[in-house]
Amino acid sequence: MYRNFTTASFGTRLVVLFMGLALALAGGLSALQLLSLRSELIDRAKAELTNAARVSAVQVIDRVEDMRKDARLVAAMPQAERLLRDVTSGTAGADITERRTALEQVLTGVLQARSPYAQVRLIGLADDGLELARVDAGPEGPRAVPVDALQAKSAEPYMQPLLTGTPPTEGYVGRVSLNRENGRVAPDAPAMLRYVLPMAGPGGQIEAAVVINAFAERLFAATVTDLAPGDRMNVVSLSGSYLSYAPGEQTPTMHLPEMRDFAPVAFAGGMPQEGFSLDPEEGHGVVRVALPGPNGPFSLYFVASRERDALFAPVRRAIWRAAGVSLLACLLTVVLAATLTRRFLRPLSELSAHASAQRAPLKRVRFSYDRDDEIGSLARSFEALVDRLIVEAHHHEAVWINCAEGLLTADQDGIILHANPAVEALFGYPEGELLGKSVDCLMPAAARARHGAFVNDMDKASARRMAQDRMVYGLHRDGSTLPLEIHISRFATDGRDQFLAVIRDISAERAQKAELEVAVERLRRSNAELDQFAYVASHDLRAPLRVIRNASRWIEEDLGDQLDDETVENINLMRSRIDRMDQLLTDLLAHSRIGREANDDRTITGDEMLEEIVELIDAPDGFTITASEGFTGMVMQKIPLQTVLLNLVSNAVKHHDQPMGTVVMDLGWTDDGVARFSVTDDGPGIAKEFHERIFGMFQTLRARDEVEGSGMGLAFVNKIVAIAGGKIDLKSTPGEGSSFAFTWPVPSP
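Residues numbered from 1 in each chain as written. Predicted model: local features only at pLDDT ≥ 70, side-chain atom pairs only at ≥ 80, totals over all residues. Heavy atoms only, no water.

Can you help me understand the sheet that holds strand 13 (residues 275–278) in this one?
Neighbouring strands of a sheet are bound in pairs by backbone hydrogen bonds; such pairs are parallel or else antiparallel. Overall, antiparallel pairing links the six strands, which are arranged 12-11-10-15-14-13 in an open sheet. Both edges of this open sheet fall to strand 12 (253–255) and strand 13, since each of them pairs with a single strand only. Averaged over all neighbouring strand pairs, the angle between strand axes comes to 20°, with direction disregarded. Pairing analysis gives four bridges linking strand 10 (residues 232–237) to strand 11 (residues 242–245), with the strands arranged antiparallel. (Pairing = 2+ DSSP bridges. Helix = DSSP H or I, 4+ residues; strand = E, 2+ residues; numbered from the N terminus. Axes fitted to C-alpha atoms, helices over the stretch in contact; angles between N-to-C directions.)

Given below as structure tokens:
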């Protein structure tokens, strides 16, 4: 079916498209309408069911409040207080009978005023919870129970809380249960809801209770007043008991766990949560109320329910209406689309005929259709598109032909599809001869298997270089081989994988690499010879110095007191020259090793660097060596940075022309994020003509007899900074001090 649709005419597909759009639009609008209707129905059911449950809950609360008020009224009557006092004090005879009769009249009045009440009693806690007075509702009106028929009620669950060590002092509602007479439940016993009001005796202790029994079904029936036809109401207690009011029932039914045919309340989705909820069968509005219990409030749940079929019946009717409207809209759309398509596609068919007549490749297309309508605009756009394609094709062809690198495309079987002139020249083939050949003709036989495995393992997402860890050779048409660098990419055209190879001759690069390797080897040997020379110069030249030093000591020991002052001075001068020469040899060896020994990776703070430099220099008392906050707060590499700073600070102290002076170390940053250290002093300064000379080996501005030194300090500094990639410069004017600054390539903070 899909193939038939794709091969159908454009007009047919346009009609089908309009029909689909009409169906989609009608279906979408219908779906939105249905969703809106469903939401509206849910909101309405939520309001109605929740309101019905809330009305019933409020009325039950009102009934319980009536029971509380009636119990308080009875407890506040003088007749009840007097009867309780007489019983407590042990009074007997006509007086107590009179008190009981007076109280029974009060209880009778309460029963006459409240139709749901079954009994009103005053129960004492003494004598096993014996009833002191009781009036029952009967078919012919309230009836006082004779004294000999009064019962002991201490075993009843609703009386148990009053018999504990800490009885409640406020009224409470007992659990709904079947009525018991003399400890037994009759077969036709009704379910009772009881309100118990504790009553204190003369001593202030709880000694009795006013108990009002109400017919549970009758009391709850009076509260179900706002339930719509077909809805049902359940009043559920967490103890398992519940009252159900089903559609068609005149009165609700009480269900208690102690009943013989008791079945727990059942909802399709479990007990619904407070508020509104939907389960697979019904929608529920739930309201929870808290009633006073002996040990604190307990909850009753009023659940008003409506079947989903009744709740969503309008949605089903709306679906049928929407289906009819959609079908009608679809038929009208087909007729209208067919008519308009035949009318408006006639010029487009003419344009298609003109385009089909243009067969020449890379040739400009011109239509004779000159109408100023949509078809004319399409024709002109098509002409412009063809012109752009021709320009792009010529551009790509020029790139392909003039590219200095070899370009070659092949299919999955390795057959060459295209090859640019650079490839043909590289491998020595005439123009066009490579097309249709296998790429195997361009590689030695030993490399063909590896090439196939490399291509099969390629990912379409990226280009890869062949054999990065070994040399790749190509096969020239004359049979010779040439080193190559090849990058291969996989791409897809018309659903078929193809490969593009970029090939470059690296013969010249190989020759340059070989020359570089020879130069590196020569440099390595030169460095080794330099190390050997420095070692020999340092050790072999020291030997004569040691002989001369020992000879001077022997002469001094042998002649002893015979030496005059001039001879002693000459011997000391000779020894100082020996020490100076020894230091020169040591510095020369150290200078030759700079940059060829591994640096210490330890780091220290600027504070620690300052402290160590001060200790190592041991400057005279008049000198102060400090550092800026930028320096002291930085973490830096210890070696060789300490060597550079130590030489600069030492020179500043050693060559100072005053007994007191100041040397300051600082750290800043260039615009490129490179560290710039500086050492500034207030010494004599250096003339500009010596700014370059002082960085040479064995260079000093003052005679060595005036300031002892080898003249290698700044040479050390210059070489260490240069090897680290930095640069040192000097700013100084005679009489105004000097400032040596050098860059040190470490990351900025």
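Is there a simple way to think about the pattern of salt bridges in this case?
Any two side chains of opposite charge can pair, so long as their charged atoms come close to each other. All chains considered together, the criterion is met by 21 salt bridges. As a salt-bridge pair, Glu131 and Arg134 come within 3.3 Å of each other at their nearest N and O atoms. A salt bridge links Glu612 to Lys638, with the shortest nitrogen-to-oxygen separation between them at 3.4 Å. Of this pair, Glu612 sits in helix 16 (residues 606–617) while Lys638 is found in the loop between strand 24 (635–637) and helix 18 (641–654), placing the two residues 26 residues apart along the sequence. Residue Glu612 is classed as partly exposed on the basis of its relative accessible area, which comes to 24%. Among the residues examined, Lys638 registers a relative accessible area of 14% and is labelled buried. (Salt bridge = Lys/Arg side-chain N within 4 Å of Asp/Glu carboxyl O. Buried < 20%, exposed > 50% of the residue type's maximum accessible area, 1.4 Å probe, protein only.)

Please clarify how the packing of helix 18 against helix 19 (residues 713–723) should be interpreted in this entry.
Between helix 18 and helix 19, whose axes approach to 9 Å, the crossing angle comes to 150°. Between helix 18 and helix 19, the crossing angle belongs to the class labelled roughly antiparallel. Considering the relative orientation of helix 18 and helix 19, their crossing is left-handed. Residue-level inspection shows Thr643, Val644, Asn647, Leu648 and Asn651 of helix 18 in contact with helix 19, the latter providing Gly713, Leu714, Val717, Ile720 and Val721. Across the contact of helix 18 with helix 19, the residue classes tally to six nonpolar, four polar and no charged. (Parallel < 35°, antiparallel > 145°, perpendicular 65-115°, else oblique. Left-handed = near helix turned anticlockwise from the far one by under 90°. Contact = heavy atoms within 4.5 Å. Nonpolar A, V, L, I, M, F, W, Y, C, P; charged D, E, K, R; others polar.)

Would you take a moment to explain the packing of aromatic side chains for this structure?
Two measures describe an aromatic ring pair: the distance that separates the ring centres and the angle between the ring planes. What the rule picks out here adds up to five aromatic pairs. Centroid distance Phe677 to Phe742: 5.4 Å. Interplanar angle 15°. Geometry classified as stacked. Taken together, the residues Phe677 in strand 26 (residues 675–681) and Phe742 in strand 28 (residues 738–744) connect sequence positions 65 residues apart. The same class applies to Phe677 and to Phe742, which are both buried. With a centroid separation of 6.2 Å and 80° between ring planes, the pair formed by Phe695 and Phe740 is classed as edge-to-face. Separated by 45 residues along the polypeptide, Phe695 in the loop between strand 26 and helix 19 and Phe740 in strand 28 bring together distant segments of the chain. Comparing Phe695 with Phe740, the two get one shared label, buried. (Phe/Tyr/Trp six-rings, centres within 6.5 Å; stacked < 30°, edge-to-face > 60°.)

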